[in-house]
Amino acid sequence: MTDARADMLLLISGIGGILILASLVGYFLQRWLSPNGSNAAIENLNARINAWWIMAILIAIAFVAGRIGVIVLFAFCSFAALREFVTLINTRRADHWALATAFFVVLPLQYFLLWSEDYGIFAVFIPVYTFLLMPIITVLRGDTQRFLIRVAEVQWALMICVYCASHVPALLTLRIPGYEGRNVLLIAFLIIVVQLSDVLQYVWGKLFGRTKIAPNLSPSKTVEGFVGGVASATLIGASLWWITPFTPLQAGAMALIITLMGFFGGLVMSAIKRDRGVKDWGHLIEGHGGLIDRLDSVVFSAPVFFHLTRYWWTL
Amino acid sequence: MKALFAKLVSIIVLLFARAVTAVRPIWDESGLPSQQCVYFANHSSHGDFILIWTVLPPRVRENVRPVAGADYWLKSKINAFIGRDVFNAVLIQRVREERDADPVTVMANALDEGSSLIFFPEGTRNLTDTPLQPFKSGLFHLASARPRIDLIPVWIANLNRVMPKGEFVPIPLICTVTFGAPLRIGEGETKDAFIERARNALLALAPINGETGR
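These figures come from a predicted structure and were not determined experimentally.

Thresholds, definitions, all that
- Within any chain, residue numbers begin from 1 and follow the written order of that chain's sequence.
- All chains are assigned letters beginning at A, and all ligands numbers beginning at 1, according to the order in which they are written.
- Where totals are concerned, whole chains, interfaces and linings use all residues; where local detail is concerned, this predicted model gives features only for residues with pLDDT of at least 70, and gives and counts side-chain atom pairs only at 80 or more.
- Side-chain metrics in this entry use all non-hydrogen atoms of the structure; hydrogen atoms and water are not considered.
- In DSSP terms, a helix is any run of H or I states spanning at least four residues, a strand is any run of E spanning at least two, and both are numbered starting from the N terminus.
- With the radius of gyration taken over C-alpha atoms, the globule rule is written as 2.2 Å times the number of residues to the power 0.38.
- The rule is simple: take the accessible area with a 1.4 Å probe, protein chains only, and divide by the maximum for that residue type; under 20% is buried, over 50% is exposed, in between is partly exposed.
- Here a residue-residue contact requires only that any non-hydrogen atoms of the pair lie within 4.5 Å.
- Surface exposure here means Shrake-Rupley accessible area, sampled with a 1.4 Å probe, where a residue is shielded only by the protein chains that are shown.
- Note on charges: Lys and Arg go in the positive column, Asp and Glu in the negative column, and His and the chain ends are not counted at all.
- Just so you know, the charge point we use is NZ for Lys, CZ for Arg, CG for Asp and CD for Glu.
- In this scheme, strands are said to pair when DSSP sees at least two bridges between them.
- The axes used here are C-alpha line fits, helices contributing only the stretch in contact, and every angle between their N-to-C directions lies in the interval 0 to 180 degrees.
- Whenever Lys or Arg places a side-chain nitrogen within 4 Å of a carboxyl oxygen from Asp or Glu, that contact is recorded as a salt bridge.
- In protein, a polar contact requires one atom able to donate a hydrogen and another able to accept it; more generally it is a pair of N or O atoms within 3.5 Å, and residues adjacent in sequence count only if both atoms are side-chain atoms.
- Under the scheme applied, nonpolar residues are Ala, Val, Leu, Ile, Met, Phe, Trp, Tyr, Cys and Pro; charged residues are Asp, Glu, Lys and Arg; polar residues are all the others, including Gly.

Quick look at the overall build of chain A
- Secondary structure assignment for chain A yields 10 helices and zero strands.
- Counting helices and strands in the order they occur from the N terminus, chain A gives α-α-α-α-α-α-α-α-α-α.
- For 315 residues, the compact-globule formula gives about 20 Å, and the C-alpha radius of gyration of chain A, at 20 Å, lands near that figure.
- On the principal axes, the C-alpha backbone points of chain A span a range of 60 × 50 × 30 Å.
- The 315 residues of chain A split such that 51% are buried.
- Considering only contacts within chain A whose residues lie at least 6 apart along the sequence, 71% involve residues at least 24 apart.
- Surface summary for chain A: the accessible area is close to 14,900 Å², and the carbon and sulfur share equals 70%.
- If the 22 positive side-chain charges of chain A are averaged to one point and the 17 negative ones to another, these points end up 4 Å apart.

This is the structure we're talking about:
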């Protein structure tokens, strides 16, 4: 097994290579099909590729900075995601203190607990203590109108944007025999597989998409895109076994689970957007929409990936 | 020294406003206002003019002054420093009995000096559940005094949820600032007709379902 740094370097060069290729393709497509910026699909493709560069560079910087870098990066992601989520939910004035607690107490504490590597409290802090404390803070203001809806929405916002998202950096805390010092590669594996699955579903769908898979939820998703994207992302996951503690077969199975969770996560988050009558969660990432638009599949797959790995591979 | 400190405070306020609200401007088809103008906006929070300020490009921002109530902004030394030195506000006396100068004259003078203004035609913050209160007559008198200045409706969305009345901790929520097409007072247009037209132009910018239609 090679040194973690060497593997990381190889991975970064690989991703850099893919992005350079994507940028070249985007550039020539624009030259041929959209020289004056008239083709919206091509313009959006290039905006997406440019945003990918920024995201990849930010993640690479966080990885180089080590544990604290990764935790800070995801804490900020949680903050921006929670901001997008809460913008779309039914809040009333009486929710003010509960929301302030969510942003300025719960979120930082969850990441602090992660930093302190105390798994017992990290795993229950939001689903037990916060879920009991938040409705108490809300009820003290005495406003009963749509009480259950308001409480449930804030709790789900925290669950998705903070609790689930924090399971990505939590991969660093796993102690896997023979894998010491390489945990950051598990994060790389998760993010690469999930995001490539999203990209490949998009590409397969654009090329061969005929049959809509969920017309009420996400009109752009097709059966062909789903099958092609999941299958190719699973193969890529299997071929990345060398950065994981898994065998090629196990890596493929993990990749399949991750991509399926990611796909259904995307559907769930789409359903929320439809219900609220918006197309995107926000405008943070040029070409992609909001941060949640990019993070939805990661958020759904991270806790499952974390627990499967923890259950079978850690001491 | 004081000017430098004021500049520093304004930078901190702008960064803070962006961190909390991730505020995004939505320009009218006519684009970024290039000429001197009066921005008139809905008013639900003390931070309203800060958001308009934040989304304007720095060169434009330099010449934009908020119109604010002297009763509030001269209440304490800190308020006065923020109002006068940091934001260069045009302070007008809202309470008729305490006026030493006519507010419309004060605003018109600021326009004559070349500044653009941010003006809240509702007069006070809207603490009701209705999206927009009836306008006071100030906008009409200002428009009549300087009829050749563009009036630009500006809708500030969501800031009232960031910091409702009586709360002092802001909740991070995404805000948008929507700019409408410029309008001017018509020849011989009556007060009621003009106020109605301006108010409708502003209301038309209000988002439906949390997102603007454009």
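From this point, the narrative continues.
Concerning the sheet that holds strand β1 (residues 24–26) of chain B
All names here are of chain B.
- Reading across the sheet, the seven strands line up as β1-β7-β6-β2-β5-β3-β4 and stay open at both edges, with mixed pairing between neighbours. Edge positions in the sheet fall to β1 and β4 (90–92), since each of these pairs with one other strand and no more. Each strand axis lies, on average, 25° off the axis of its neighbour in the sheet, ignoring direction.
- Here helix α7 (residues 138–145) sits on the sheet in contact with β2 (37–41), β5 (116–119) and β6 (150–157), set at roughly 165° to β5.

Quick notes on unusual backbone geometry
Residues and elements named next belong to chain B.
- A positive phi angle, near 40°, is found at Ala-22, a position not held by glycine.
- Positive phi, close to 55°, is recorded for Asn-88, a residue that is not glycine.
- Residue position: Asn-88 is located in the loop between α5 (77–86) and β4.

So, the environment of Gly-289 of chain A
Residue and element names in this part refer to chain A.
- Relative to the helices and strands, Gly-289 resides in the loop between α9 (248–276) and α10 (291–313).
- Here the alpha-carbon distance between Gly-289 and Lys-279, two residues 10 residues apart in the chain, equals 8.4 Å.
- Discounting residues that sit within four places of it in the chain, Gly-289 has contacts with Asp-280, Gly-282, His-283 and Leu-284.

A short note on the environment of Gly-69 of chain B
Residues and elements named next belong to chain B.
- With respect to the helices and strands, the residue Gly-69 is situated in strand β3 (residues 64–69).
- Look at Gly-69 and you get buried, because its relative accessible area is 8%.
- Between the C-alpha atom of Gly-69 and that of Thr-21, which follows or precedes it by 48 residues, the distance is 25 Å.
- Apart from the residues within four sequence positions on either side, Gly-69 is in contact with Leu-91, Ile-92 and Arg-94.

Observations regarding the interface of chain B and chain A
- Contacts between the two partners involve 21 residues from chain B and, on the opposite side, 21 residues from chain A.
- Glu-167 of chain B is paired through a salt bridge with Arg-141 of chain A; the nearest N and O atoms lie 2.9 Å apart.
- At the junction of chain B with chain A, the criterion picks out 10 residue pairs in polar contact (both at pLDDT 80 or more).
- If you list the elements that add at least two residues to the side of chain B that touches chain A, you get α1 (2–21) and α8 (159–162) of chain B.
- At three residues, α1 of chain B tops the list of elements feeding residues into the side of chain B that touches chain A.
- Per-class residue counts for the side of chain B that touches chain A are 13 nonpolar, two polar and six charged.

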